[in-house]
Amino acid sequence: MYRKLFKRGFDIIMSFIALVILSPLLIPVMIILLMTGEHYIFYGQKRVGYKNRFFRIWKFATMLKDSPNLGNGSLTVKNDPRVFPFGRFLRKTKINELPQLFNILTGDMSMVGPRPQMEVDFLKFPVHVQNVIYDTSPGITGIGSIIFRDEEKWISEFHGDKHEFYRQHIAPYKGELELWYHEHISFFTDIMLIFLTARVIFFPGSELLYKVFSDLPRKPEGLN
């Protein structure tokens, strides 16, 4: 019932409240971005969304405009030279994700759900994951966002083909996590994932997630 009747209403209320509360933070960030980097505020990019349809996701600008065609392309590594100094702060604190609140209001995204992927990375998921992962709207946060908060570090520490590492190690596990969420969507799950998202920003080593959701798929050895 929550998935079909109340999740959308929950998204609208929560995103509107968040925009009101966070407006004193958003305005200074926009001013700083205008004065630094390449002097642009928002970055829009095509992502895979609900029912595998494309939409444009919005974030605060943190990288060079041509970053998808530079370096590792769709993958970002630790201390990536394409990221502006202020952008590093925005990415570490997840402030760069806040413009997605507008994506939620327009119905392209949810507060909680699978992370919306670029097509090139979506196609790295196993086929059975591709078929169902976006039967619910992608989220500004979610189980994958919390567990893969160190994704840049894992990719950076691998010295071979980083895209193949993503395909062989990250995509399968991330896909299993999102399938777990798909089977456990509820008001309790969404509220707890929002709380745990805030917690890992301040306590990045916290393992509370695995205590709250004891049946989560466990990390494969290559990601520990």
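Conventions used here
Residues numbered from 1 in each chain as written. Predicted model: local features only at pLDDT ≥ 70, side-chain atom pairs only at ≥ 80, totals over all residues. Heavy atoms only, no water. Helix = DSSP H or I, 4+ residues; strand = E, 2+ residues; numbered from the N terminus. Rg over C-alpha atoms; globule rule 2.2 N^0.38 Å. Buried < 20%, exposed > 50% of the residue type's maximum accessible area, 1.4 Å probe, protein only. Contact = heavy atoms within 4.5 Å. pLDDT = per-residue confidence, 0-100. Phe/Tyr/Trp six-rings, centres within 6.5 Å; stacked < 30°, edge-to-face > 60°. Lys NZ or Arg CZ within 6 Å of the ring centre and 35° of its normal. Expected span 1.5 Å × (residues − 1). Bend = angle between axes of the 7 residues up to and from the residue.

### Re the overall build of the protein
Thinking step 1. When helices and strands are tallied, the protein shows 10 helices and four strands.
Thinking step 2. Traced from its N-terminal end to its C-terminal end, the protein shows the element sequence α-β-β-α-α-β-α-α-β-α-α-α-α-α.
Thinking step 3. Computed over the C-alpha atoms, the radius of gyration of the protein is 17 Å, within 12% of the 17 Å expected from 2.2 N^0.38 for a compact globule of 224 residues.
Thinking step 4. Across its three principal directions, the C-alpha atoms of the protein cover 45 × 45 × 35 Å.
Thinking step 5. For the protein, buried positions account for 49% of its 224 residues.
Thinking step 6. Within the protein, counting contacts between residues at least 6 apart in sequence, those at least 24 apart form 68% of the total.

### Regarding the confidence of the model for the protein
Thinking step 1. Overall, the predicted model of the protein reaches an average pLDDT of 89, with 96% of residues at or above 70.
Thinking step 2. The weakest mean pLDDT in the protein belongs to helix α7 (residues 151-157) at 77; the strongest belongs to strand β3 (residues 110-112) at 97.

### So, the packing of aromatic side chains
Thinking step 1. In the structure shown here, the tally under the stated rule is 10 aromatic pairs.
Thinking step 2. Look at phenylalanine 122 and phenylalanine 125: their rings are 6.3 Å apart centre to centre, the planes differ by 80°, and that puts the pair in the edge-to-face class. With respect to burial, phenylalanine 122 and phenylalanine 125 carry one shared label: buried.
Thinking step 3. Connected via pairs of aromatic rings, a cluster forms that spans Tyr2, Phe10 and Phe187.
Thinking step 4. Residue placement shows lysine 46 over the ring face of phenylalanine 54; its charged tip is 4.5 Å from the ring centre.
Thinking step 5. Above the plane of the ring of phenylalanine 148 lies lysine 174, whose end atom (NZ or CZ) is 5.0 Å from the centre.

### Section: helix α1 (residues 2-35)
Thinking step 1. With 34 residues, α1 should reach 50 Å at 1.5 Å per residue; the first-to-last C-alpha distance of 44 Å falls well below that figure.
Thinking step 2. If you look at α1, its biggest bend is around 60°, right at leucine 22, and the proline proline 24 turns up within four residues after that.
Thinking step 3. When α1 is considered as a whole, its buried residues turn out to be Tyr2, Lys7, Phe10, Asp11, Ser15, Ala18, Leu19, Leu26, Val29 and Leu33.
Thinking step 4. The secondary structure elements touched by the buried residues of α1 are β2 (54-60), α2 (85-93), α3 (100-105), β3, α8 (162-184) and α9 (187-202).
Thinking step 5. Two residues or fewer after α1 comes glycine 37, characterised by a positive phi angle close to 55°.

### Description of the environment of isoleucine 201
Thinking step 1. The topology assignment puts isoleucine 201 in helix α9.
Thinking step 2. Taking the C-alpha atoms as reference points, isoleucine 201 and lysine 94, separated by 107 residues in sequence, lie 8.1 Å from one another.
Thinking step 3. Residues within four places of isoleucine 201 in sequence aside, it is in contact with Thr93 and Lys94.

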